[in-house]
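Tertiary structure, described
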Amino acid sequence: MVHWIKYPLSRKGFLSLALHTTIWLLLTLFCSLIGGHSLAQVPFSCQSGVSYRIQNNPSALYQVDLRTGSATLLLNAAELGNRNLTGLGYNPLDNFLYASVSGTNDIVRIGSSGAVTLINVPALPAAVYTAGDAGPDGNLYLYVTGTLAMQKVNLATLAVTSINLGAGSALSDFSVSADGNSIYGISTNTGDLVRYATTGGTPTTTNVGFGGFYNSAYLDNTGNLYVIEDANSFVFEVVGPTIPTEKSAVLRTTTFTPITNTDGARCVTSSATLQTPLTCTAGQAFVVTGEQGYSTGECTEAGNSILAEYNLQTGALIAQTDELINSFNARTTINNLGYNVTDNYLWGYRNGTNQLIRIGSEKTVDFFAISGLSSDCSYSFGTINNTVFKAGDISLNGILYLLNGFDGDRFIRVDVNPSSPTYLQKLSDIPLSLSPGAGTLAIMADLAFNPIDGNLYGVGTDKNLVRINPTTGVVSVLGALAGLEDDSSNFLIAFFDQAGSLYVQQSNAVVYKISNVAGNNLIATIHIANGLNVGLNGDGASCPFNAQLSYSISGKLLNDANGLVDGTVNGNTVSSLSGNTFSANLVGSAGTVVATTPLVSGTYTFTGLSANSSYSVVLSNTPGTPGAAPPNTTLVGGVVNTGEYIGTGVGSDGLPDGVLSISVATSQVVDANFGIERLPTANPKTLVNQSNPGGTATINVPTLTGSDPEDGDYIGSTFNNMIVIQQLPTNATLYYDGILVTEGQVIPNYEPDLLTLDPIDGPVSVTFTYSERDAAGLDSPPAQVSISFIVLPDLSLLMYARPTSVYGTAPVTVVVDVVELNSVPTTGLITLKITRDAKYSLTFPSSATSVGSRTVQNSLWQFNGSDPSYYVLTTNSAVPAGDRLSVGLTGVLTAGATSGSIAVSSVLVGVSGSESRVTNNADADKIDYFQQ
């Protein structure tokens, strides 16, 4: 109320009153002008994240950030009238700040523009009020520490009500709850949380973990009480003082700035702290990790959980916070992390309390005490009715599921959907039941909701994949997962991507991926080999609508006709060769098949692969079995690998074995290509009963021929095929163009006439092998050349014409020995010719056994004298091996009137007697004649 001075209404008094009034108005205007005030007051606005504090004497007004503890001066002491103010309160009905002027019955109303109005409250006892606040009903509550009465001032009417208290409390400040029913403060003596009903009565106290200290107090619409210690400006939070958990107060921030004579206030219908939601980002995953595991007994450990954000594709750590809950008290372990798609915050459970936590983009923690959620701490192994929640997740409609402990038998549920009428309320439990034949449910350290089928999934310590229906509570044990390392520790982390792939991790740094768990896939592959080490406790979450970045490997199967001759894996795309089909098999770092696909149209693609991961693609005629060793890479049907390479340019992986090692970084892998071709064919060659030429004589090797599916036929005569002598004969010598051939010798532009062979003497069988080499530089399987040699008779002639000198007319004889030189008897017809001459006339004595004193076998010969140039003798009798068969002619030589010499010649015709050599089949002798 404004103070007025009363005088009698005489003329003098009236003038005096007018004078005083004018002076007062002028002084008021002057003070307003020098203080920067105007008479009109502008209210504050009720904002989340904004709180107010008066401090010092005379008092100044500050705006306070309860998350960081920082304070910003709004009005200095002069602007507030250099008054000592206490009992600051924010009236949400008019959005002004109110405070008591210490030691008086005055209060001030403070506007956002800095205007201050002094208001006298006649019914208010003048006192040094140490604590105060404004309630949501527009009443200002003021209290002197330790007294048994509290004053309630109606800020609209200035009516004052004295509230009787059953006991006093040492309070330096307090705050009124958002429902207007409770007053909370921290005792400066004991540090206990003190609660008074706004109607009075005996206070209740709870040990929340403080020692006594002077402080300013602030409540928000979540029901959480914040206090700032005067001695150092430390900010503390008491979560859910209506349902407090003992020794669970949280130290929010430390600034080490001493302050005095403080009192706090804020709009109780708003949030004390403010952080923005997260964004559902591709490749983003969150993990809370801690230093300690779970022990039996009470929750006395300080897990000191931190939040790590990492890239689900690369395993790279993006960010890591400090401890999420300062280790002022125990119970600093956070678990049951889940991503809430209804508000885009991370939610979790604070171990050993009745509190949920919420984390936004600033990576700080908001706390929410949940009525009906037990704060008892019992997590003995084997006890199903414990109250520590270690496994759970948030459904797509914003319901947090908490499995009651390690061997839990039910889900505890809390609604965290801000648009729901039951927001932050505990819902009914869902009892669990094992499906028939499911066996025993192993310890589950984390669970995650699958966005594909809406069920919860996790992996037990027995490595079984487990599915839980969140509506019915039916638990199905799907079977043991293949591909997991031999580690019996808990799978502490589980979360899904939008494709329905489950990611799990034990305390080590390996992250496994199980695709299509809704389809009962039981193959786990290493997704990140060196991720974040999560320690002894932890939990994971990611947005289930998060389109996890994934990568692919794709390539072609090429009929590479020229192989790596051109240094390039190229050619026409094929899906089959020689009637054979092919499969590409993706093999993970564990050495087992991850996926397999047929090469339809000669191409293949593997999708959903992780960044910074290593694979190999194996080409085979056989599709592999996921989880098993890769199939054989040896191709059938004459098809071989020519090379492998990533890209279309020059190069290969150096070993044409049908295996291509691939590292996936952070991009798609294309043109991971395989080259194949069909081998050429070399035709076997066989010659039999060839006459062994003997000595160093050679014969021509038969023309070597073959074919190639890509190159065509090798006929030898075109001189464009290449042969390789793979194995030399052991009983003959090969020559090419007169030069000795060596084993493995490559003969380009092969000319058949230049390849000759010299067998050893005698009846031998000679073999050697050769290959046709195609344009790819690949050799056909070796073909054999077989030549069998026989030894044939070799006939030679010895001729005797007697006498050697004739005078006039005289008798003569001609004897021819047909001699076999190879110790092989002759077969077949032998034809012998002896030359005719006019000087002599010969006859054949068919039964003679001796002619000219030489033994003959004329009876075995037949004589034909019809040839004008020769005497022709034939026989079918064999010349014995190494022996001779002789024939003799007799006659008369007439010299006449001349003298001279007559050459008498003999020759074997053709291959008489099947002999092998005709170069030694003639002989001659002479007779000298003289006239008588």
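Definitions and cut-offs
- Residues numbered from 1 in each chain as written.
- Predicted model: local features only at pLDDT ≥ 70, side-chain atom pairs only at ≥ 80, totals over all residues.
- Heavy atoms only, no water.
- Helix = DSSP H or I, 4+ residues; strand = E, 2+ residues; numbered from the N terminus.
- Rg over C-alpha atoms; globule rule 2.2 N^0.38 Å.
- Buried < 20%, exposed > 50% of the residue type's maximum accessible area, 1.4 Å probe, protein only.
- Contact = heavy atoms within 4.5 Å.
- Areas by Shrake-Rupley, 256 points an atom, 1.4 Å probe, with all protein chains shown as cover.
- Pairing = 2+ DSSP bridges.
- Axes fitted to C-alpha atoms, helices over the stretch in contact; angles between N-to-C directions.
- Core = buried A, V, L, I, M, F, W, Y, C linked by side-chain atoms within 4.5 Å.
- Phe/Tyr/Trp six-rings, centres within 6.5 Å; stacked < 30°, edge-to-face > 60°.
- Disulfide = S-S within 2.5 Å.
- Lys, Arg positive; Asp, Glu negative; His and termini not counted.
- Salt bridge = Lys/Arg side-chain N within 4 Å of Asp/Glu carboxyl O.
- UniProt positions renumbered as here; feature names shortened; annotations may be inferred.
- Polar contact = N/O pair within 3.5 Å; in protein donor to acceptor, adjacent residues only side chain to side chain.

Let's shift gears to the overall build of the protein chain. Scanning the protein chain from N- to C-terminus turns up one helix and 76 strands. The C-alpha atoms of the protein chain give 57 Å as radius of gyration, which overshoots the globular expectation for 932 residues (30 Å, by more than 25%). Over its C-alpha atoms, taken along the principal directions, the protein chain stretches across nearly 215 × 65 × 40 Å. In the protein chain, which comprises 932 residues, the proportion classed as buried is 51%. Put simply, 61% of the contacts in the protein chain that link residues at least 6 apart link residues at least 24 apart. Surface accessibility of the protein chain: about 37200 Å² in total, with carbon and sulfur atoms responsible for 53%.

Looking now at the sheet that holds strand S38 (residues 502–505). On the basis of which strands lie adjacent, the open sheet formed by four strands has the order S37-S38-S39-S40 and antiparallel pairing. Whereas interior strands pair on both sides, the edge strands pair on one side only; in this sheet they are strand S37 (493–496) and strand S40 (525–528). The sheet shows a mean angle of 30° between the axes of neighbouring strands, direction not considered. Pairing of S38 with strand S39 (residues 511–514), which is carried by four bridges, proceeds in the antiparallel orientation. By the bridge assignment, Leu502 is partnered in S39 with Ile514.

Judged by nonpolar contacts, the single largest core of 30 residues is most densely connected at Val814, Val816, Ile834, Trp861, Leu893 and Val904. Where this core is concerned, the elements lending two or more residues are strand S65 (795–802), strand S67 (809–820), strand S68 (830–835), strand S69 (840–843), strand S73 (870–875), strand S74 (884–894), strand S75 (900–908) and strand S76 (922–930). At five residues, the largest contribution of residues to this core is made by S67. Dropping the residues within four chain positions of it, Leu893 is found in contact with Val806, Gly808, Thr809, Ala810, Val812, Lys839, Tyr840, Ile902, Ile927 and Tyr929. Formed by 24 residues, the second largest nonpolar core is a distinct cluster that contains Leu557, Phe582, Leu599 and Leu619.

Relative to the assigned elements, Asn559 resides in strand S42 (residues 551–559). The contacts of Asn559, once residues within four sequence positions are left out, are Asn570, Gly571, Asn572, Val574, Leu577, Ile676, Glu677, Arg678 and Glu710.

The next point concerns unusual backbone geometry. Residue Pro58 is bonded to the preceding Asn57 through a cis peptide linkage, with omega at 5°. By the secondary structure assignment, Pro58 is in the loop between strand S1 (51–55) and strand S2 (60–64). Residue Arg802 is joined to Pro803 through a cis peptide bond whose omega torsion reads -5°. Residue position: Pro803 is located in the loop between S65 and strand S66 (805–807). Positioned with a positive phi, Phe256 is a non-glycine residue whose angle comes to about 60°.

Inspection of the entire model under this criterion finds 18 aromatic pairs. Aromatic side chains Phe210 and Phe236 sit 4.9 Å apart centroid to centroid with 85° between the ring planes, which places their arrangement in the edge-to-face category. With Phe210 in the loop between strand S15 (204–206) and strand S16 (215–219) and Phe236 in strand S18 (residues 235–238), the pair connects residues that are 26 residues apart, well separated along the chain. With a relative accessible area of 7%, Phe210 lands in the buried category. Taken together, the ring pairs connect Phe210, Phe213, Phe234, Phe236 and Phe256 into an aromatic cluster.

Turning our eyes to something else, we now look at the pairing of strand S59 (residues 732–736). Across the two faces of S59 the burial differs, with Ala732, Leu734 and Tyr736 buried and Thr733 and Tyr735 not buried at all. As defined by bridge partners, S59 adjoins strand S62 (residues 755–759) across five bridges and the pair is classed as antiparallel. The residue of S62 that forms the bridge with Ala732 is Pro759. Examined bridge by bridge, S59 and strand S60 (residues 739–740) share two bridges and lie antiparallel to one another. Within S60, the residue paired with Tyr736 across the bridge is Ile739. The turn joining S59 and S60, which pair antiparallel and follow one another in sequence, is formed by two residues; a positive phi near 55° is taken by Asp737.

A few words on the pairing of S68. Across a regular strand the side chains alternate sides, sitting on one face of the sheet and then on the other. With five of its six residues buried, S68 lies for the most part within the structure. Bridge analysis of S68 against S73 gives six bridges, and the strand direction is antiparallel. Looking at the pairing, Thr831 lines up with Thr874 of S73. As paired strands, S68 and S75 are joined by three bridges and run antiparallel to one another. Bridge pairing links Ile834 to Ser906 in S75.

Quick look at the environment of Thr634 now. Secondary-structure assignment places Thr634 in the loop between strand S49 (613–620) and strand S50 (639–646). Exposure remark for Thr634: the relative accessible area of 56% places this residue in the exposed category. The sequence separation of Thr634 and Asn621 amounts to 13 residues, and the corresponding C-alpha distance is 8.1 Å.

So, on to the state of the cysteines. Across all of its chains, the model carries two disulfides by this definition. Two residues share a disulfide in this structure: Cys46 and Cys267, whose sulfurs sit 1.9 Å from each other. Taking the sign of the torsion about the S-S bond as the criterion, the disulfide between Cys46 and Cys267, at about -90°, is left-handed. Of the two residues, Cys46 sits in the loop between helix H1 (11–34) and S1 while Cys267 sits in the loop between strand S20 (263–265) and strand S21 (284–290), which places them 221 residues apart along the sequence. The disulfide partner of Cys280 is Cys543, and the gap between their sulfur atoms is 2.0 Å. Across the S-S bond linking Cys280 and Cys543, the dihedral sits near -95°, which makes this disulfide left-handed.

Before going further, it helps to examine the environment of Ile834. Structurally, Ile834 can be placed in strand S68. Once the C-alpha coordinates of Ile834 and Asp923 are considered, the two residues, 89 residues apart in sequence, prove to be 9.7 Å apart.

Summarising the element assignment, Lys513 is placed in strand S39. Of the side chains bearing the opposite charge, Asp497 lies closest to the buried Lys513, which forms no salt bridge; the N-O distance is 4.9 Å.

Looking now at the UniProt feature "domain: DUF6923" (unreviewed entry) in the protein chain. The feature "domain: DUF6923" (unreviewed entry), as annotated in UniProt, sits at residues 54–269, 330–425 and 447–532 in this numbering. Summarising residues 54–269: 0% helix, 42% strand, and an end-to-end C-alpha distance of 20 Å.

As for its position among the elements, Asp366 is in strand S27 (residues 365–369). The buried category is assigned to Asp366, whose relative accessible area is 4%. Separated by 94 residues in sequence, Asp366 and Ala272 place their C-alpha atoms 9.8 Å apart. Other than its neighbours up to four places away in sequence, Asp366 contacts Arg67, Thr273, Gln275, Leu356, Ile357 and Arg358. A distance of 3.0 Å separates a polar atom in the side chain of Asp366 from a polar atom in the side chain of Arg67. A distance of 3.0 Å separates the side chain of Asp366 from the side chain of Thr273, its partner in a polar contact.

Attention shifts here to the pattern of salt bridges. Opposite charge on two side chains permits them to pair, given that their charged atoms come into close proximity. Within this structure, the stated rule accounts for 13 salt bridges. Each member of the salt-bridge network shares a partner with another, and the members are Arg67, Arg358 and Asp366.

In spatial order, the strands read S32-S36-S35-S34-S33; together these five strands make up an open sheet with mixed pairing. In this open sheet, the two edge strands, each paired with only one partner strand, are strand S32 (433–434) and strand S33 (448–449). In terms of strand pairing, strand S35 (residues 464–468) meets strand S36 (residues 474–480) through five bridges, oriented antiparallel. Along S36, the bridge assignment pairs Ile468 with Val475.

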